[in-house]
Amino acid sequence: MTAITRLFDFPYYQLEQYNLEDALITKYDGKWEATSTKDYIDKANAISRALLKLGVQKNDKIAVISSTNRTEWNIMDIGVLQVGAQNIPIYPTISPEDYEYVLNHSEAIYCFVSDEEVLDKVNTIKHNTKVKKVYSFNRIKGCRHYSELLKLGEDESNQQEVEDRKKEVLPEDLATIIYTSGTTGKPKGVMLTHKNIVSNALDSVPRLPISGAGTRVLSFLPICHIFERLLIYVYQYMGASIYFAEGLDKIGDNAKEIKPHLMSVVPRLLEKVYDKIVHKAEELSPLKQKIFFWAVYIGEQWQPYNKNGGWYHFKLNIARKLVFSKWQEALGGELNTMVSGSAALQPRLIRLFCAAGMKVMEGYGLTETSPVVAVGKYADNMFKVGTVGIPIQNVEVKIAEDGEILIKGPNVMKGYYKDPEKTASVMTGDYFHTGDKGEIDDEGFLKITGRKKEMFKTSGGKYVIPTLLENELKQSRFIEQVMVIGEGQKMPAAFIQPNFEFIKEWIKYKGKKIDPTNEAIYTSKEVIDRIQQEVDKCNAKFGKWEQIKRFELTPDEWSIKGGHLTPTMKMRRNIIQDIYKDLYQKIYG
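Colleague: Would you explain the sheet that holds strand E12 (residues 262-265) in this entry?
Modeller: Either a parallel or an antiparallel arrangement is found when strands of a sheet pair, and the pairing is made through backbone hydrogen bonds. With mixed pairing, 9 strands are arranged side by side in an open sheet as E2-E1-E11-E10-E12-E13-E14-E15-E16. With partners counted over all chains shown, the strands left at the sheet margins are strand E2 (31-35) and strand E16 (390-391), one partner each. Inspection of the sheet shows strand E1 (residues 24-28) paired to E2 by 5 bridges, in the antiparallel sense. By the bridge assignment for E2, Leu24 is matched with Thr35. Lying on the sheet, helix H10 (residues 251-258) is in contact with E1, E2, strand E10 (216-219) and strand E11 (241-244); it crosses E10 at an angle near 165°.

Colleague: What is the right way to look at the nonpolar core in this model?
Modeller: A general feature of soluble globular proteins is that nonpolar side chains tend to end up buried together. Judged by nonpolar contacts, the single largest core of 124 residues is most densely connected at Tyr235 and Trp327. Ranked by residues supplied to this core, first place goes to helix H9 (residues 226-238) with 9 residues. When neighbours within four sequence positions are excluded, Trp327 is seen to be in contact with Tyr274, Ile277, Phe292, Val296, Leu352, Phe353, Ala356 and Met358. Of all hydrophobic cores here, the second largest spans 26 residues; its members include Ile65, Ile94, Cys111 and Met191.

Colleague: Sorry, what's going on with empty space enclosed by the protein here?
Modeller: Regions of empty space are outlined by a rolling probe, equal in size to a water molecule, passed over the atoms. Under the defined criterion, the tally for this structure stands at 3 cavities of 30 Å³ or more. Within this model, the largest cavity holds a volume of roughly 100 Å³. As for the largest cavity, its lining consists of 13 residues, and the residues nearest its centre are Glu271, Asp275, Gln346, Lys474 and Gln475. Those elements that provide at least two residues to the lining of the largest cavity are helix H11 (267-281) and helix H14 (347-355). In terms of residues, the lining of the largest cavity owes the most to one element, H11, which gives 4 residues. Broken down by class, the residue content of the lining of the largest cavity amounts to 3 nonpolar, 4 polar and 6 charged.

Colleague: What is the right way to read the packing of H11 against helix H12 (residues 286-300) from this model?
Modeller: Remark: H11 packs on H12, axes separated minimally by 10 Å, with the N-to-C direction vectors making an angle of 150°. Judged on the interaxial angle alone, H12 and H11 are roughly antiparallel. Across from Tyr274, Ile277, Val278 and Ala281 in H11, the residues of H12 making contact are Gln289, Phe292, Phe293 and Val296. By residue class, the composition of the contact of H11 with H12 is 7 nonpolar, 1 polar and no charged.

Colleague: Would you explain helix H16 (residues 466-473) in this entry?
Modeller: The α-helix advances 3.6 residues per turn, and as a result positions three or four apart in sequence lie on the same side. For H16, the complete set of buried residues consists of Pro466, Thr467, Leu469, Glu470 and Leu473. All buried residues of H16 lie within an arc of 160° about the axis, which places them on one face of the element. Residues of H16 that are buried sit in contact with strand E22 (446-451), strand E23 (456-457), strand E24 (463-464), strand E25 (479-485), helix H19 (525-539) and helix H20 (573-579).

Colleague: What am I meant to see in the pairing of E22 here?
Modeller: Look at any regular strand and the pattern is simple: side chains alternate between the two faces of the sheet. Pairing between strand E21 (residues 431-440) and E22: 5 bridges, direction antiparallel. Bridging across to E22, Lys437 finds its partner in Gly450. Counted along the chain from E21 to the antiparallel partner E22, the turn is 5 residues long, and its residue Gly444 has a positive phi close to 90°.

Colleague: Looking at this model, I keep getting lost on H14. Mind explaining?
Modeller: Every buried residue of H14 is listed here: Leu349, Ile350, Leu352, Phe353, Cys354 and Ala355. Tucked inside the fold, the buried residues of H14 contact H11, H12, helix H13 (309-330), strand E13 (337-340) and strand E14 (359-365). Gly357 occupies a position one or two residues after H14 and carries a positive phi of about 90°.

Colleague: Help me understand the layout of surface pockets, please; the structure alone is not making it clear to me.
Modeller: Taken as a whole, the second largest pocket spans an internal volume of roughly 420 Å³. Arg348, Gln475, Ser476, Glu534 and Lys537 are, among the 19 residues lining the second largest pocket, the residues nearest its centre. Of all elements in the fold, only H11, H12, H16 and H19 reach the threshold of two or more residues within the lining of the second largest pocket. A per-class count over the lining of the second largest pocket returns 9 nonpolar, 2 polar and 8 charged.

Colleague: Would you take a moment to explain the state of the cysteines for this structure?
Modeller: By definition, a disulfide is the covalent link that joins the sulfur atoms of two cysteine residues. Evaluation of the coordinates by the stated rule reveals 0 disulfides. Looking at the unpaired Cys143, the closest cysteine sulfur is the one in Cys111, lying at 9.0 Å. Exposure remark for Cys143: the relative accessible area of 15% places this residue in the buried category.

Thresholds applied
- Residues numbered from 1 in each chain as written.
- Predicted model: local features only at pLDDT ≥ 70, side-chain atom pairs only at ≥ 80, totals over all residues.
- Heavy atoms only, no water.
- Pairing = 2+ DSSP bridges.
- Helix = DSSP H or I, 4+ residues; strand = E, 2+ residues; numbered from the N terminus.
- Contact = heavy atoms within 4.5 Å.
- Axes fitted to C-alpha atoms, helices over the stretch in contact; angles between N-to-C directions.
- Core = buried A, V, L, I, M, F, W, Y, C linked by side-chain atoms within 4.5 Å.
- Buried < 20%, exposed > 50% of the residue type's maximum accessible area, 1.4 Å probe, protein only.
- 1 Å grid on protein atoms, 1.4 Å probe; cavity = no way out; pocket = protein on both sides within 12 Å on 5 of 7 lines; lining within 4 Å.
- Points joined across faces, edges and corners; volume = space filled by probe spheres on them.
- Nonpolar A, V, L, I, M, F, W, Y, C, P; charged D, E, K, R; others polar.
- Parallel < 35°, antiparallel > 145°, perpendicular 65-115°, else oblique.
- Arc of directions from axis to C-beta.
- Disulfide = S-S within 2.5 Å.

All we've got here are geometric facts, nothing functional implied.
Right under this line is the structure:
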């Protein structure tokens with residue numbers, strides 16, 4: 001049996017254990033096309049042979065930029081790693097200037113792109129980089145197609161050289177550099193070794209309820225991020241068939257087509273799914289509406305492990321039959337588990353989706369930890385709402401005196417590429433400083449309480465943890481994004497981006513005399529007063545010194561393109577404060 005010590009060992013292990021006919025499945029021209037485990041390996045070997053013919057050396061860097069997850073990405077990944085080179089995944093949504101920075105900093109010599117939009121960005125800055133050639137997965141006029149490498153690699157005469165290169169790759173060798181678009185400054189290149197990611201994948205396996213061949217997973221979170229990439233290796237190890245969604249806007253359609261058993265999610269996605277469900281409910285007859293919101297009320301009280309007793313479960317079964325079964329159908333009807341990462345998820349939504357029969361397992365990790373530190377699992381009493389589960393095997397979590405979460409284990413990164421000073425600043429011996437604050441309860445569950453750097457002190461000397469207020473406010477359907485401010489000021493305040501989409505529906509449903517444009521909405525006194533109610537409700541749960549005394553609505557939608565958010569949808573706080581400096585002045589004078 002193949003011992004898995006390097007990332008490219010995963011498909012070979014799958015070949016021995018499962019030999020799937022449908023290992024990787026991507027939709028082309030409206031039709032799902034499956035690649036078997038054997039074809040996956042054969043194509044990866046062809047890519048490796050072609051790269052050798054192109055003169056690719058050990059430790060060369062190959063960039064891959066794809067707008068969606070797809071079979072070709074995985075073939076390239078294995079093909080690159082087998083020859084001892086490194087795969088440099090780049091977020092497709094960042095600016096051409098950031099492309100230029102990452103390509104230059106990593107010294108990538110080849111670049112693979114998915115589509116014309118990405119290619120156009122690369123072409124604007126390519127002349128400033130060391131990139132020799134660009135290949136595309138889609139067929140694009142004027143660009144070399146990735147199939148040219150498969151053709152070049154058809155000749156198997158240098159396969160022994162590929163085998164020799166594979167043997168030279170050690171578990172401690174660098175596998176990838178992932179550029180995290182931090183909330184400030186230039187992206188940091190996180191160096192992850194084969195051992196970092198392999199150990200983390202194998203230690204995460206016991207937490208996923210996958211039964212092997214026949215299990216279908218839907219993949220749509222960006223594979224350039226380590227969370228989804230790690231899961232792809234885990235799925236391969238566990239013999240699941242991986243379907244790559246056509247895009248974020250097609251998740252519902254794709255789920256209905258393939259009926260997944262499991263998928264990874266981010267909180268914003270579940271929030272949007274829930275908002276759409278509620279919006280549809282508001283179009284129902286009064287009686288059906290009453291039944292729907294009764295079911296939601298029952299769902300919000302859900303507790304794991306039958307803690308609510310028999311009478312509650314009698315009512316829950318009725319709610320499932322009348323309402324929640326339709327939620328299931330909207331996502332294919334067979335979805336039983338969703339793994340959530342990247343940000344805190346509202347406990348209310350966890351309860352609702354669990355009540356609907358789709359268990360949400362919240363996890364915690366960072367790119368620097370490959371990424372999984374802890375994750376919930378419903379079996380074995382390893383699940384508790386409001387926590388991110390229990391740390392996985394071989395990963396040690398320690399809470400520092402100031403509350404910061406420190407991590408030690410084989411999953412902790414090799415360091416930041418070309419930046420030993422920054423690496424030293426986040427390490428104490430073998431412990432990585434996460435910058436997050438948390439606590440471990442008496443049952444071993446980890447709870448995240450905020451970001452160390454984001455906590456601030458008002459001029460009155462009181463500490464405020466903005467993420468606690470922000471997470472509470474984001475439970476409101478009227479609020480899309482919120483950033484709490486007030487460092488050194490006499491009181492906390494907030495910038496709030498209204499949920500324009502929902503408010504437009506609210507205007508229509510309530511028959512309000514408000515022009516349904518973003519500009520009219522954010523200046524409307526009626527909308528401001530309604531959001532004030534949401535702020536008042538939030539404030540009631542916090543101490544007087546923490547309460548938001550003033551807020552201003554922002555006129556535009558916060559986005560990656562606008563600079564408000566990182567590609568992983570985290571707020572760039574300094575940039576947001578700079579964008580809305582006029583509103584800041586308005587609040588604090």
